[in-house]
Amino acid sequence: MRLLTVALMASLAVAPGAAAKDSEAAYKTVEAKHFTRVEGVELSPAFTDYLYAELRNELTKTKLFVQVIGEGEAVEDADAAKSMVIEGVITEYKKGNRVTDAILGGYGVGARSLKLDVNLARRSDHQNLGAIKVHVNISPKMKEEVMAKGAAKQIAGQVKKALKQQAKG
Amino acid sequence: MAQLGVTEAKMGSRGVVVVQAGILLVCALTPFSVRADEPKPTPENTIHVQLAAAVPPQKFAKPIKFFISDVIDRSGNPQPILVLKERGGVFLDRQPTQITREAIEQSLKAADLLAADATSADLVMQIYIFHFGLAQGSGLDFFGKVEFATTVKNPKTEESQQIQAAGTSIANGAMRKKNIQKNVQANIEGALEDAVRNFLRGTQLREAVASLMKNNPSAPVAAASGGVAFAQGDGSSGHNFKFKFEER
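Residues numbered from 1 in each chain as written. Chains lettered and ligands numbered in written order. Predicted model: local features only at pLDDT ≥ 70, side-chain atom pairs only at ≥ 80, totals over all residues.

A.B. asks: How should I be thinking about the sheet that holds strand β3 (residues 82–84) of chain B in this particular structure?
C.D. replies: Within a sheet, adjacent strands bond to each other through the backbone by hydrogen bonds, running parallel or antiparallel. The 3 strands are arranged β1-β4-β3 (chain B) in an open sheet whose pairing can be described as mixed. Bordering the open sheet on either side are β1 (46–47) and β3 of chain B, each of which pairs with just one other strand. (Pairing = 2+ DSSP bridges. Helix = DSSP H or I, 4+ residues; strand = E, 2+ residues; numbered from the N terminus.)

Encoded structure:
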């Protein structure tokens, strides 16, 4: 019984250390740029600002990067190889239809939708580390910013996945 | 029959008069109730925004000194110190222009890049604030945004360049008034720090400094213009700088 208690205590003492090791940032910096829009996408500049802010917020949460820098900030040459740049284009935006959504919302008809193409590249040699496609659907009753939140979460998740695969391979 | 019609018409008009009087009364009283809801700054709903720590600027090839001549609010916000109207309001204790100036000066001073006055400065900056405070978010959180443009001018060559800087921060929403104030304060401080870092560590500033100092004469500023390098001609302390300004 005593042995069991000691083992339990030891595992509890070691667990936080192991968790901390997992959360250590593997990359120095990541720069998220403001996403551009293809012609015909009717979204306000405020939406792009919010998406940019949300993306930086979500990238911070991944704990993969020591620092999430702002657009256009300088990076030390020594850190460039361990730094990433994220660029993206909003390729499609559909406002959705409230009436159709109310009647056939369960089938995804009438939903507000946003499509983005995102590129993840290494800062030092601009090598492409992943092309991410994101598609977000929300109810047209919700605000556009909620859609940005969803898109940012998806991008950050995909970036984390791509960088982990890159580290393994 | 005609009399009946007239009677009905009279009754109708009396009703209309009563309704009109009611509407008039409501209209007369509404401004007072609205005015009563307008938040006013008190010590309880006022926050103090400042940088938690100075932002280390980038290193320049040559030692350089900056001076901030003016900070101008171009946000078009009639109430710049009111950052949140709901729940009795949240106010800043100083104007955004003053907060921004202090934040940049604090960072420049910590890195020994701040000149004591305009005459001893290599480059003089004029800052235009476009946004300071909260912006429209998802409704579930607070979205802080600080955005400004800076005109960096070499007083000796009269050349200038414009630099854009922006900072954002997203903080969790809150229900209690105390937590709302705390989160709004943290959010605006985060956005301010982000904007100052974006400015001082940005490639735009590096390129502007390299370009403006390229043809700089080696003689000190005071000697070059007979003692007063900055207050030239009209003595307006830089108010009448000529530069191309990007209208938003």
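A.B. asks: Can you help me understand the interface of chain B and chain A in this one?
C.D. replies: Often, the extent of an interface is quoted as the loss of accessible area on bringing the components together. Residue-level contacts link 19 residues of chain B with 16 residues of chain A. Sorting the residues of the side of chain B that touches chain A by element identifies β6 (141–153), β7 (160–172), α3 (177–200) and α4 (203–212) of chain B as the ones contributing at least two each. Its residues placed into classes, the side of chain B that touches chain A shows 3 nonpolar, 11 polar and 5 charged. (Contact = placed C-beta atoms within 7 Å. Nonpolar A, V, L, I, M, F, W, Y, C, P; charged D, E, K, R; others polar.)

A.B. asks: Just to check I follow, could you spell out the environment of A152 of chain A for this structure?
C.D. replies: All names here are of chain A. Along the chain, A152 turns up in helix α4 (residues 144–168). Along the chain, A152 and R56 lie 96 residues apart, while their C-alpha atoms are 8.2 Å from each other. In this structure A152 touches L51, E54, L55 and E58, once residues within four positions along its chain are discounted.

A.B. asks: Whenever I open this one, the sheet that holds strand β5 (residues 123–135) of chain B confuses me. Can you help?
C.D. replies: All names here are of chain B. In spatial order, the strands read β2-β5-β6-β7; together these 4 strands make up an open sheet with mixed pairing. The open sheet is flanked by β2 (66–73) and β7, the only strands paired with a single partner. Looking at each pair of strands side by side, their axes are set apart by 20° on average, direction ignored. Of the pairings in the sheet, the one linking β6 to β7 comprises 13 bridges and is antiparallel in character. Looking at β7, one finds that F142 is bridged to A171. In the packing of helix α2 (residues 96–110) onto the sheet, the strands contacted are β2, β5 and β6, and the crossing angle to β2 comes to about 160°. Those strands touched by α4 are β5, β6 and β7, and its axis lies near 165° from that of β7. (Axes fitted to C-alpha atoms, helices over the stretch in contact; angles between N-to-C directions.)

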